[in-house]
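Overview (structure and organization)
The primary structure of each chain is shown beneath.
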Amino acid sequence: MRAAVYYETGGPEVFRYEEVADPTCGPGEVLIDVEAVSIEGGDTLNRLGGDLAAVPHVVGYQCAGTVAEVGDGIDDLAPGDRVVTVGMDGSHAERRVAARPFCWPIPDGLATVEAACVPVAFGTSHDALFEFGRLQAGETVLVQAAAGGVGLAAVQLASRAGARVLATASGSDRLARLAEYGVDLGIDYTTTELTPAVLEATEGRGVDVVVDGVGGPTLQASIRSLAYRGRCISFGDAGRSEPDRLDVSTMRANNQTLCGYFLGAELFLGNRAHTVVAACLDDVAAGDLRVVVDRTFPLSEAGEAHAYIESRQAFGRVVLVP
């Protein structure tokens, strides 16, 4: 099979498009012919400086396609079924193996490209907002980096739940586009200081929940933007800034919470998150939630696709097509 691989971590230019051995399907595993790869934020971070499971390394958490083979012990999937899969690596290729618990059947009527973008973005957002953020109708939520895949999912889920949605993005054009997905107030982080803008928008109160996948200095601003008993959920470091020493001195007196979150742990340790992802796939198929795909690239242009993501131009997901 062909795959986008690299031999050392670094910028997008490290990618090579090469012939590599097909993955093998063991007991309890599913082999798929990949038709769409959703590039996740973690994929770009792993390419930049993550561990290499093998050399050459095939990066990538998430992709969708058609089942080619099932391993022993699997009787609820068969060759020809469409599935979306999640794993620690291996998505940037023409074929991918995933354990059965990390494969979700694609509902009828849902395009494979859209399904490829659902589990990580919508699973992360749903858990951050409701399982860990305990968001309730009538509360106010701040979604950082709302024009990204996770951000757009969080905006829709929070709005649907009856929350007031504040969101950050760069540029007036991207902020204007966010309104149709449920953003009540957009904040351009390139021109506006976050915390004063949030306090002004909430009459000095702050927000009940922050969903922060940016990290670095942005995470400090998220904490400063919390209301009394506010909850900040940190799930990523998309800002690629060095970790800051956080000042949490204001949190104690305000009974606030800072929570770290990783979807992979929830998927590994129980069934609840798997059910959440399946429900989100159904909601996207029904049109109750929307996947936004900014651009597609051929798998052979994985480097260009990663560079495009890192240019911060994308609105929604960037997808590779083998």
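Above this text you will find the structure in question.
Now for a description of the structure that goes with this document. (Residues numbered from 1 in each chain as written. Predicted model: local features only at pLDDT ≥ 70, side-chain atom pairs only at ≥ 80, totals over all residues. Heavy atoms only, no water.)

1. Observations regarding the overall build of the protein chain
The helix and strand tally for the protein chain stands at 11 helices and 15 strands. Radius of gyration (C-alpha) of the protein chain: 19 Å, near the 20 Å computed for a compact globule of 322 residues. When the backbone C-alpha atoms are referred to their principal axes, the protein chain occupies close to 60 × 40 × 35 Å. Relative to its full complement of 322 residues, the protein chain shows a buried share of 53%. (Helix = DSSP H or I, 4+ residues; strand = E, 2+ residues; numbered from the N terminus. Rg over C-alpha atoms; globule rule 2.2 N^0.38 Å. Buried < 20%, exposed > 50% of the residue type's maximum accessible area, 1.4 Å probe, protein only.)

2. Considerations on the sheet that holds strand S11 (residues 207-212)
Spatial ordering of the open sheet is given by S10-S9-S8-S11-S12-S13, a layout of six strands whose pairing is parallel. Strands with a single pairing partner mark the edges of an open sheet, and in this sheet they are strand S10 (185-188) and strand S13 (257-260). Between one strand and the next, the sheet's axes are offset by a mean angle of 15 degrees, whatever the strand orientation. (Pairing = 2+ DSSP bridges. Axes fitted to C-alpha atoms, helices over the stretch in contact; angles between N-to-C directions.)

3. Description of the packing of helix H3 (residues 119-131) against helix H10 (residues 272-286)
As a packed pair, H3 and H10 sit with axes 9 Å apart at the nearest point and diverge in direction by 115 degrees. The orientation of H3 relative to H10 falls into the category roughly perpendicular. As H3 packs across H10, the resulting crossing turns out to be right-handed. On H10, the residues touching Pro119, Phe122, Gly123, His126, Asp127 and Glu131 of H3 are Arg272, Ala273, Val276, Val277, Cys280 and Val284. Looking at the contact of H3 with H10, its residues break down into seven nonpolar, two polar and three charged. (Parallel < 35°, antiparallel > 145°, perpendicular 65-115°, else oblique. Left-handed = near helix turned anticlockwise from the far one by under 90°. Contact = heavy atoms within 4.5 Å. Nonpolar A, V, L, I, M, F, W, Y, C, P; charged D, E, K, R; others polar.)

4. With respect to the pattern of salt bridges
By the definition in use, this model includes 13 salt bridges. In this structure, the salt-bridge partner of Arg231 is Glu139, at a minimum N-O distance of 3.0 Å. Taken together, the residues span a long stretch of sequence, with Arg231 in strand S12 (residues 226-234) and Glu139 in the loop between H3 and strand S8 (140-143) at a distance of 92 residues. Just as Arg231 is buried, Glu139 falls in that class too. In this structure, Asp247 and Arg224 form a salt bridge, with 2.8 Å as the shortest nitrogen-oxygen distance. With a gap of 23 residues between them, Asp247 in the loop between S12 and helix H8 (249-253) and Arg224 in helix H7 (residues 216-224) connect regions that are remote in the sequence. Overall, Arg224 belongs to the partly exposed group, its relative accessible area being 31%. Salt bridges sharing common partners tie together Asp127, Glu131, Glu266 and Arg272. (Salt bridge = Lys/Arg side-chain N within 4 Å of Asp/Glu carboxyl O.)

5. Remarks on empty space enclosed by the protein
The final tally for this structure, using the stated rule, is one cavity of 30 Å³ or more. The calculated volume of the largest cavity comes to roughly 70 Å³. Contributing to the lining of the largest cavity are Cys117, Ala121, Phe122, Gly149, Leu152, Ala153, Gln156, Arg290, Val291, Val292, Gly316 and Arg317. Class assignment of the residues belonging to the lining of the largest cavity gives a composition of seven nonpolar, three polar and two charged. (1 Å grid on protein atoms, 1.4 Å probe; cavity = no way out; pocket = protein on both sides within 12 Å on 5 of 7 lines; lining within 4 Å. Points joined across faces, edges and corners; volume = space filled by probe spheres on them.)

6. Structural notes on the nonpolar core
Counting residues in each nonpolar core, the largest one holds 55 residues, and the members touching the most others are Phe122, Leu129, Val141, Leu178 and Leu281. Considering every element that reaches this core, the biggest residue donor is helix H4 (residues 149-160), with seven residues. Counting residues in hydrophobic clusters, the runner-up holds 25 residues, among them Val14, Val30, Leu299 and Leu320. (Core = buried A, V, L, I, M, F, W, Y, C linked by side-chain atoms within 4.5 Å.)

7. Topic: the state of the cysteines
Per the stated rule, a full pass over the model turns up zero disulfides. Summary of cysteine pairing: Cys103 is not part of a disulfide, and the nearest cysteine sulfur, belonging to Cys63, is at 9.1 Å. (Disulfide = S-S within 2.5 Å.)

8. Considerations on the pairing of strand S4 (residues 62-70)
Where strand S3 (residues 29-38) and S4 come together, eight bridges link them in antiparallel fashion. Bridged to Leu31 within S4 is Glu69. In terms of strand pairing, S4 meets strand S5 (residues 82-86) through five bridges, oriented antiparallel. Within S5, the position partnered with Thr66 by the bridge is Arg82.

9. Describing unusual backbone geometry
For residues other than glycine, phi is negative in most cases, and the peptide bonds are mostly trans. Omega for the peptide link from Val55 to Pro56 comes to 0 degrees, which places this bond in the cis form. With respect to the helices and strands, the residue Pro56 is situated in the loop between helix H1 (41-49) and S4. If you check the backbone angles, Glu203 has positive phi at about 55 degrees while not being a glycine. Among the secondary structure elements, Glu203 is positioned in the loop between helix H6 (194-201) and S11. With a relative accessible area of 79%, Glu203 lands in the exposed category.

10. Notes on the side chain of Thr44
Along the chain, Thr44 turns up in helix H1. Of the residues examined, Thr44 reaches a relative accessible area of 1% and is grouped as buried. Here Gly41 takes part through its backbone oxygen, which lies 2.8 Å from a polar atom of the side chain of Thr44. (Polar contact = N/O pair within 3.5 Å; in protein donor to acceptor, adjacent residues only side chain to side chain.)

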